[in-house]
Amino acid sequence: MKLPFLTKQLLILAAICIATFITFQYTRENQFTNWDDDFYVTNDPYIKAFTKENLKVIFTEDITKNNYHPLCMLSLAVNYHFSQLDPEPYYTTNIMIHIANAILVFFLIVVICRRLKVGEGGILFIAGFGALWFGVHPMRVESVSWIAERKDVLYAFFYFAGMLTYLQYIKGDAKKWLWYGATYFLFVLSCLSKPMAVVFPFSILCLDLLMWRKWDLKVQIAEKAIFFLTSLACGMMAFYTQNKTGAVADFGALTIGERIMYAGYGYIMYISKLFNPTYLSTFYPYPIRFVNGSLPQIFYMAPVLAIASIVVPLWYTWKKKREYFRVVAFGILYYVANVMFVLQFVSVGAAIMADRYSYVAYFGLMFILFFFINELVKKYPGAKVPVLTILLVSSAALAYACYERTFAWHDSESLLTDAIEKYPFKKDPDKSYDKKNTGIAQLSYKWRGNYYMDKGEIDKALEDYEVLTTLHMADAKVHDRVAMIYAAKKDYQKAFENFDISLQIQNDVYKTYVDRAMVYLDINDTLNALKDYVVAYQLNVKAQSVLNDSGFNAVQRGAYEIALRRYNLLLKLNTSNVYFYFYRGVSLYSTGFTLPAIADWEIAVKGNVPDITKAASNNLSVAYDAIGNPIKALQYLEVALATGNKPTAEFINNIRQKAKAASGGK
């Protein structure tokens, strides 16, 4: 029995959805990483409550300090509302949106093919394989298996939906202006999810070309003006935000020739990885020059190859196969439009390319790939079975490679180690680097070092950081952390050398002055510690809380002498903070200085801070009992009881009996 066309579509879609979900199933086991997940979720206070103030910040500020994407942050806030810091629902949401995108791609291809008068069999073939490859291609892993890249799958959802509504608009039915309004609305939502959506107007121009729309300049201006103006506004905001955070390199950092080479390289590599998605990395560094100043040969060839890949197919189809020109033009120009701002001609970030940048752009390439394979099968029917076999085997191989790739994103260590294994530090670039390994994953060394540092594995952290210091690629924060590691190892000479380097690179970082002040305290150099702390406090009042946190952590782990030095310094400049007195009292008492501790707690208990009064009064009752003053011990015991403290009944009775005896039985 012949199945209806709609039924066939639904069956194919079901298979694609299942295959995509299975391919990404391990992603649901992944953890949060320190590769931006902390900025987006774990350390972001604004997504952790649906308050009016938080929503205002989400929609008015670039809270991740790298881009303005409020809808992405709102979606993460919804995840947090229901699951807090359980990572699985975040990843599951990413997978579901990705599957929805594969469905949109399927129907987008179906609509396009119908307009191009492709037969039903051809439609199912092109849409089926196009959506399947979109769903299971290994280049998708970065966009789906990274919580912070929620913005990628989300912007693509509105982007593809907008392309569908635009196709309905240019169809020209009675509701065309409703479809036009829907297209613009979806475009805005896409921009609010990720600024990469600013190229949407170019994509719909590509659809105009594909549909062979009659060109009318006035109509095009009236129709597209609002899209391009919105793109301009969003693009300027994105550039301003990234430039403000230092993500955009100074234009003089690279020559025009280098920019052309790197842009050409990225253009070709994205195409290459569509067909050969191997050697994928979480970080693709810029190449290291050889001793003679040259670059690997591929960088010189890339611009020529990139231009040829555009010009030759367009020229050939225009001259020889005019009926295919618009399909080739659509696929190539759509791809160009969607990668042109991420080809690093204007250098943004430390990576020359990223897998995630292919997420939307591959639609154009996949469409023309399967369109022409279908044309080949139509021309040579005998090739149908071999072609289908090759495509099914290739699709299965892609899905398996995709599944394997999701393991690299399991946690911070696996993620960063993956890039380091692909682009490790080698001492002799003229001999050791091969054609693939052309650079060093310097940011991955930094973030893996941070990961080890946060775990307390300082030797591993130092090993990663020293790669950067050896290559003179370390920033001020890295040198600061290296200094703290050497201080922990009691190598104070190297510690202060690295503090000096850090401050030479950036001398307005209050945290470095605080850190150096703490090291001075460790060697009992109070004068220099005080000087650094004063500078730090002048730069940022947060210096006080950083030093306080260090003191509190020292108390928590029983390092009372260290804590005592911290609180002595804090109280030199701030004599009104009862918390400082309380914890200095704890440190003094724990190191055998009972009377000075009592003096600090006497001050603390009078500070009218409920939790401090409660704790300090209890401590005073214990301390006064220890020095044989039960009258004072009872006085503070009563305060402790009144503030909700609950000493043991034995302690209470003991103090009361001693006080009664001391007062002559009264």
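Refer to the structure printed above.
In this text the structure is predicted, and so the values were computed from the model without any measurement.

Thresholds applied
- Residues numbered from 1 in each chain as written.
- Predicted model: local features only at pLDDT ≥ 70, side-chain atom pairs only at ≥ 80, totals over all residues.
- Heavy atoms only, no water.
- Helix = DSSP H or I, 4+ residues; strand = E, 2+ residues; numbered from the N terminus.
- Polar contact = N/O pair within 3.5 Å; in protein donor to acceptor, adjacent residues only side chain to side chain.
- Contact = heavy atoms within 4.5 Å.
- Expected span 1.5 Å × (residues − 1).
- Buried < 20%, exposed > 50% of the residue type's maximum accessible area, 1.4 Å probe, protein only.
- Core = buried A, V, L, I, M, F, W, Y, C linked by side-chain atoms within 4.5 Å.
- Disulfide = S-S within 2.5 Å.
- Axes fitted to C-alpha atoms, helices over the stretch in contact; angles between N-to-C directions.
- Parallel < 35°, antiparallel > 145°, perpendicular 65-115°, else oblique.
- Left-handed = near helix turned anticlockwise from the far one by under 90°.
- Nonpolar A, V, L, I, M, F, W, Y, C, P; charged D, E, K, R; others polar.
- Patch = residues over 30% accessible without salt bridge, like charges linked within 9 Å, V, L, I, M, F, W, Y side chains within 5 Å.
- Areas by Shrake-Rupley, 256 points an atom, 1.4 Å probe, with all protein chains shown as cover.
- Salt bridge = Lys/Arg side-chain N within 4 Å of Asp/Glu carboxyl O.

**Some remarks on the side chain of threonine 406**
Then, in step 1: Position of threonine 406 relative to the elements: it lies in helix α16 (residues 384-406).
Then, in step 2: Among the polar contacts made by the side chain of threonine 406, one reaches the main-chain carbonyl oxygen of tyrosine 403 at a distance of 2.5 Å.
Then, in step 3: Excluding residues that lie within four positions of it along the chain, threonine 406 makes contacts with Thr23, Phe24, Tyr26, Thr27, Asn30, Val141 and Ser145.

**Observations regarding helix α4 (residues 70-83)**
Then, in step 1: With 14 residues, α4 ought to run about 20 Å at 1.5 Å a step, and its terminal C-alpha atoms sit 20 Å apart, in line with that.
Then, in step 2: Buried residues dominate α4, accounting for 10 of its 14 residues.
Then, in step 3: All buried positions along α4 are accounted for by Pro70, Leu71, Cys72, Met73, Ser75, Leu76, Ala77, Asn79, Tyr80 and Ser83.
Then, in step 4: Contact partners of the buried residues in α4: α2 (37-42), α3 (52-60), α5 (87-115), α8 (150-171) and α9 (176-193).

**Regarding the environment of tryptophan 601**
Then, in step 1: Summarising the element assignment, tryptophan 601 is placed in helix α28 (residues 594-605).
Then, in step 2: Tryptophan 601 gets classed as buried once you look at its relative accessible area, which sits at 3%.
Then, in step 3: In sequence terms tryptophan 601 and cysteine 113 are 488 residues apart; their C-alpha atoms lie 80 Å from each other.
Then, in step 4: Apart from the residues lying within four places of it in its own chain, the contact partners of tryptophan 601 are Tyr581, Phe582, Gly585, Val586, Tyr589, Ala616, Asn619, Leu620 and Ala623.

**What to know about the nonpolar core**
Then, in step 1: Judged by nonpolar contacts, the single largest core of 144 residues is most densely connected at Ile112, Phe160, Phe363 and Phe367.
Then, in step 2: One finds Tyr533, Leu547, Trp601 and Ala633 within the second-largest nonpolar core, a separate group that totals 69 residues.

**Points about the state of the cysteines**
Here a disulfide denotes a covalent bond joining the sulfur atom of one cysteine to the sulfur atom of another.
Then, in step 1: The tally for this structure, following the rule as stated, stands at zero disulfides.
Then, in step 2: The structure places no disulfide on cysteine 72, whose sulfur is separated from the nearest cysteine sulfur, that of cysteine 191, by 14 Å.
Then, in step 3: Cysteine 206 takes part in no disulfide bond, and the closest cysteine sulfur, belonging to cysteine 191, lies 16 Å away.

**Quick notes on the packing of α5 against α8**
Then, in step 1: Look at α5 against α8: their axes get within 9 Å of each other, and the N-to-C directions meet at 25°. As the angle between them shows, α5 and α8 are arranged roughly parallel. Two packed elements cross with a definite hand, and for α5 against α8 that hand is left-handed.
Then, in step 2: Among the residues making up the contact of α5 with α8, the classes are represented as 19 nonpolar, five polar and three charged.

**A closer look at a nonpolar patch on the surface**
Then, in step 1: There is a patch of nonpolar side chains on the surface, built from Ile307, Val311, Trp315 and Tyr316 and spanning about 430 Å² of accessible area.
Then, in step 2: As for its placement among the helices and strands, tryptophan 315 is situated in helix α13 (residues 297-319).

**Description of the pattern of salt bridges**
Then, in step 1: Following the criterion strictly, the structure yields 27 salt bridges and no others.
Then, in step 2: A salt bridge links lysine 460 to glutamate 457, with the nearest nitrogen and oxygen atoms 3.3 Å apart.
Then, in step 3: Across the salt bridge formed by glutamate 638 and arginine 656, the nearest N and O atoms sit 3.6 Å from each other. Of this pair, glutamate 638 sits in helix α30 (residues 630-642) while arginine 656 sits in helix α31 (residues 649-662), and the two are 18 residues apart along the sequence.
Then, in step 4: Overall, the relative accessible area of 36% leaves glutamate 638 in the partly exposed class.
Then, in step 5: Each member of the salt-bridge network shares a partner with another, and the members are Glu142, Glu149, Lys151, Asp152, Lys194 and Arg356.

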